[in-house]
Amino acid sequence: MRNKFNILLINGPNINILSLRENKYYNNINIDNIIRNLKLLANKLKVNFNYFQSNAEHKIINCIQRSYNNTNFILFNPAAFTHTSIALRDTLIAVNIPFIEIHISNIYARENFRSYSYFSDIALGIISGLGSEGYYFALQKAVKYLISKQ
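Let me begin by describing the structure that accompanies this report. Only a predicted model underlies this, so the values are computations on that prediction, with no experimental measurement involved.

Phi is positive for Lys46, close to 60°, though the residue is something other than glycine. Within the secondary structure layout, Lys46 lies in the loop between helix 2 (31-45) and strand 2 (48-53). Non-glycine residue Asn69 carries a positive phi angle of around 75°. Relative to the helices and strands, Asn69 resides in the loop between helix 3 (57-67) and strand 3 (73-77). What makes Asn69 exposed here is its relative accessible area of 70%.

Rendered as structure tokens:
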């Protein structure tokens, strides 16, 4: 039997080209493989999984707004918008959907400007620096959280 949980992964700018980005941070990670494995894990966990990626802030805002009333949890890698987007923060506060902030690289071990996040204080939790595994941990935690709230 499938749970009625709908989990949405949103990835921000340049996540679609991870394999082209700085190898010391991203190790040629392929986002398509991550998504394929997340879908398999979601199926095993008996939850519905949807994915959205955009390089455009307004498209991510629209996606979050559309998720209101039909999404139980958001897995969110805001990428570079982490450090710049009050608009995305305001949208997440407005829809009030629990979310985990995810970063593939350790944002605290990079340039100083990357150590500030507009989302960390409103997120259920933060995963930073665990590579692609952070996505899988976040999905598992989201499901445990949702089950505990039933």
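After presenting the structure, the write-up continues.
Let us look at the environment of His103. Mapping His103 onto the fold places it in strand 4 (residues 99-103). Note on His103: relative accessible area 3%, which makes it buried. Each C-alpha atom, one on His103 and one on Phe73, is 17 Å from the other, the two residues being 30 residues apart in sequence. Leave out the neighbours within four places in its chain, and His103 touches Asn77, Pro78, Thr82, Ile127, Ser128, Gly129 and Leu130.

One finds Ile7, Leu38, Leu75, Tyr135 and Leu139 to be the most contacted residues of the largest nonpolar core, which totals 27 residues. Listed by contribution, the elements that provide at least two residues to this core are strand 1 (6-11), helix 2, strand 3, strand 4 and helix 5 (133-148). Per-element tally for this core: the top contributor is helix 5, with seven residues. Among all residues touching Leu75, those that are not within four sequence positions of it are Ile7, Leu8, Leu9, Ile10, Ile100, Ile102, Tyr135, Ala138, Leu139 and Ala142. The next biggest cluster of nonpolar side chains, apart from the first, holds 16 residues, and it includes Leu8, Cys63, Leu92 and Ile97.

About the cut-offs
- Residues numbered from 1 in each chain as written.
- Predicted model: local features only at pLDDT ≥ 70, side-chain atom pairs only at ≥ 80, totals over all residues.
- Heavy atoms only, no water.
- Helix = DSSP H or I, 4+ residues; strand = E, 2+ residues; numbered from the N terminus.
- Buried < 20%, exposed > 50% of the residue type's maximum accessible area, 1.4 Å probe, protein only.
- Contact = heavy atoms within 4.5 Å.
- Core = buried A, V, L, I, M, F, W, Y, C linked by side-chain atoms within 4.5 Å.

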